[in-house]
Amino acid sequence: MAIIRSLRASEIMDSRGDPTIEVEIETSAAKATADVPSGASVGRHEAVELRDQDPEVHHGKGVSKAISHIEGELRDALVGKEFDQRQLDAYLCELDGTPNKSRLGGNAILPVSIAFVRAEARERNIPLYQQLATVAGTKPSLPRLLFNVLNGGKHAKGGIDIQESMIAPVGLTTI
């Protein structure tokens, strides 16, 4: 559990040169940041990125609306309150009130959540992977190897609807 003391957001550029959001969160004993990338291929079941749609600013990809949600409604709702990760995530979804995060924007909600889990790990003086395992209710383990065997979606030509087809070796005891 951690009390959120401050929350701020700023516009940064992602690896494609498109605007995205960086969030800094401060809890009672730690500070952490997080930023979120923007995908080129977006499925209909994914959280909605809130973009400004002003063609004069970053070709319509500006994020000032999402930033204003973080520095307005989200800051007002979160600062001074105590959460654990699951409570925070549930509260963020409740505040948005839509099934796809379209009101506040997935690009506003996600960096707040990620920054918070990082701050909680720092407060507890444990590595992030250990904090994530605690939140998930599992024990820390090595990541599972995945091999990309076929690309589709907007990343490839050929009209395949599925963005990535992957295989995973299962049952291995070592990498």
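The preceding data block contains the structure.
How each quantity is defined
- Within every chain, residues take consecutive numbers counted from 1 along the sequence as written.
- Only residues with pLDDT of at least 70 get local features here, since the model is predicted, and only at 80 or more are side-chain atom pairs given and counted; chain-wide, interface and lining totals rely on the full set of residues.
- Computation of side-chain values covers all heavy atoms of the structure but excludes hydrogens and water.
- Going along the chain from the N terminus, every DSSP run of H or I of four or more residues is numbered as a helix, and every run of E of two or more is numbered as a strand.
- When accessible area is computed with a 1.4 Å probe and restricted to protein chains, residues below 20% of their type maximum are described as buried, those above 50% as exposed, and intermediate ones as partly exposed.
- Contacts are assigned to residue pairs that have any heavy atoms within 4.5 Å of one another.
- Definition used for salt bridges: Asp or Glu carboxyl oxygen within 4 Å of a side-chain nitrogen of Lys or Arg.
- Angles shown run from 0 to 180 degrees and are taken between the N-to-C directions of axes, each axis being a line fitted to C-alpha atoms and, for helices, limited to the stretch in contact.
- Orientation labels follow simple angle bins: below 35 degrees gives roughly parallel, above 145 gives roughly antiparallel, 65 to 115 gives roughly perpendicular, and whatever is left gives oblique.
- Take the far helix as your reference; a near helix turned counterclockwise from it by less than a right angle gives a left-handed crossing, and one turned clockwise gives a right-handed crossing.
- Gly is placed with the polar residues, together with every amino acid not listed as nonpolar (Ala, Val, Leu, Ile, Met, Phe, Trp, Tyr, Cys and Pro) or charged (Asp, Glu, Lys and Arg).
- At least two DSSP bridges between two strands are needed for those strands to be called paired.

### Section: the environment of Ala66
Thinking step 1. The residue Ala66 is located in helix α1 (residues 64-78) in this model.
Thinking step 2. Using a relative accessible area of 0% as the deciding quantity, one classes Ala66 as buried.
Thinking step 3. Separated by 14 residues in sequence, Ala66 and Asp52 have C-alpha atoms that sit 8.2 Å apart.
Thinking step 4. Setting aside its immediate chain neighbours within four residues, Ala66 contacts Ile21, Leu50, Leu104, Asn107 and Ala108.

### A short note on the pattern of salt bridges
Thinking step 1. Per the stated rule, a full pass over the model turns up five salt bridges.
Thinking step 2. Across the pair Arg51 and Glu49 runs a salt bridge, and its minimum N-O distance is 3.2 Å.

### Remarks on the packing of α1 against helix α2 (residues 85-96)
Thinking step 1. Contact geometry for α1 and α2: axes closest at 12 Å, N-to-C directions at 135 degrees. As far as their axial angle goes, α2 and α1 are oblique. Regarding α1 and α2, the two cross each other, and that crossing is right-handed. In this structure, α1 contributes Glu73, Leu74, Ala77 and Leu78 to the contact, and α2 contributes Leu88, Tyr91, Leu92 and Leu95.
Thinking step 2. The class makeup of the residues in the contact of α1 with α2 is seven nonpolar, no polar and one charged.

### Points about the sheet that holds strand β3 (residues 31-35)
Adjacent strands of a sheet pair through backbone hydrogen bonds, lying either parallel or antiparallel.
Thinking step 1. If you walk across this open sheet you meet the four strands as β3-β2-β1-β4, and the pairing is antiparallel. Here the strands that pair on one side only, and so sit at the sheet edges, are β3 and β4 (82-83).
Thinking step 2. Bridge count for strand β1 (residues 2-13) against β4 is two bridges, and the pairing is antiparallel. Opposite Ala2, over in β4, you have Phe83 as the bridge partner.

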